[in-house]
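Spelled out, the chains give:
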Amino acid sequence: VDWKAQDLILDLACGTGRIGVWLSENTSATVDGVDITPEMLAKAQAKAVYRTLNQASVTETSLPDASYDVCVQSLADEHLPDLRPLYKEVARLTKADGYFVIVGFHPQFMMGGMPTHYDSASGESLTIQTYVHLFSDHVKAAHEAGWTLLEMDEGLIDEDWIAKKPKWQSQFGQPISFSMVWGR
């Protein structure tokens, strides 16, 4: 994706706005956000990088058809039991020559027993419902919605990861993430 050439980007499952900040620093595009959680949207709004923020499911945004040059989603597909509604909704939202960029946890990492979790305000570690999606699940759902895979990368737990999370040393060299760029 030529990020500098995009005018309007949708950040699906925008959460606290981490990806919106990256987009604002690396593009001149206008960025909208969608998330299902009002608490996350409040944190995203505080970052002041979004034109609009909408509370909605990533599979039913109610946003206008063919509005976005690029839709992005990071670290959220594992919360969906079925990928088909996501890919279908993104196809509806994206312009005919647009892109969908998805970044997620690698299925091998998820199958290793690392569920998505966070610490509550009280410090309690809470687990969020997690679903493993194989790459074939992504390909089937994307093809059904009219997408073509343009690029894919996989990330490994490397020295940089170990420097940030030394307790992961036993996982060194294991897959942790993937990114896919889909075109129409």
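Scroll up a little and you will see the structure.
Treat the numbers as computed from the prediction; the structure is a model and nothing was measured. Position numbers for residues count from 1 along each chain, tracking the sequence in the order it is written. Only residues with pLDDT of at least 70 are given local features in this predicted model, and only at 80 or more are side-chain atom pairs given and counted; all residues enter the totals for whole chains, interfaces and linings. Hydrogens and water molecules were not included; the side-chain quantities draw on all heavy atoms of the structure.

Caption draft 1: Structural context of the pairing of strand β5 (residues 94–105). Sheet topology note: the strand β4 (residues 68–74)/β5 ladder contains six bridges and is parallel. Of the residues in β5, the one forming a bridge with V70 is Y99. Note that the unit made of β4, helix α3 (residues 84–93) and β5 has a crossover that is right-handed. Pairing between strands requires that DSSP locate at least two bridges from one strand to the other. The helix count covers DSSP runs of H or I at least four residues long, the strand count covers runs of E at least two residues long, and both are numbered beginning at the N terminus. In this structure, β5 lies alongside strand β9 (residues 175–183), joined through seven bridges in antiparallel fashion. Across the sheet, G104 pairs through a bridge with F178, a residue of β9. For a crossover, the right-handed case is the one in which the path from the first strand over the helix to the second runs clockwise, viewed with the strands pointing away from the viewer.

Caption draft 2: Looking closely at the nonpolar core. Definition used in this section: a nonpolar core is a set of buried Ala, Val, Leu, Ile, Met, Phe, Trp, Tyr and Cys residues joined via side-chain atoms within 4.5 Å. Burial classes: relative accessible area under 20% of the type maximum marks a residue as buried, over 50% as exposed, and values in between as partly exposed (1.4 Å probe, protein chains only). Of all hydrophobic cores here, the largest spans 25 residues; its most connected members are Y87 and F100. Secondary-structure elements contributing two or more residues to this core are β1 (8–12), β4, α3, β5, α5 (135–144) and β9. The element contributing the most residues to this core is α3, with five residues. Note on contacts: a residue pair is in contact if any heavy atoms of the two residues lie within 4.5 Å. With residues up to four places along the chain from it excluded, the contact list for F100 reads L12, C71, V72, Q73, L86, Y87, V90, W147, M180, V181 and W182. Judged by nonpolar contacts, the second largest core, of 12 residues, contains L41, V70, V72 and V101.

Caption draft 3: Summary view of the sheet that holds strand β3 (residues 52–55). Strand order across the open sheet formed by seven strands is β3-β2-β1-β4-β5-β9-β8, with mixed pairing between neighbours. Among the strands making up the open sheet, the edge pair consists of β3 and β8 (148–156). Averaged over all pairs of adjacent strands, the angle between strand axes in this sheet comes to 15°, irrespective of strand direction. Where strand β2 (residues 30–35) meets β3, four bridges bridge the pair, whose relative direction is parallel. Lines fitted to C-alpha atoms define the axes, with helix axes restricted to the stretch in contact, and inter-axis angles between N-to-C directions lie between 0 and 180 degrees.

Caption draft 4: How the structure looks around the packing of aromatic side chains. Note on aromatic pairs: the rings of Phe, Tyr and Trp (six-membered ring only in Trp) are paired at centre separations within 6.5 Å, and the planes decide the class, stacked below 30 degrees, edge-to-face beyond 60, tilted for the rest. One pass over the structure, following the stated rule, counts eight aromatic pairs. Relative to F109, the ring of F105 has its centre 5.6 Å away and its plane inclined at 25°; by these criteria the two rings are stacked. Overall, F109 belongs to the buried group, its relative accessible area being 9%. Ring geometry for F135 and F178: centres 5.3 Å apart, planes at 75°, overall edge-to-face.

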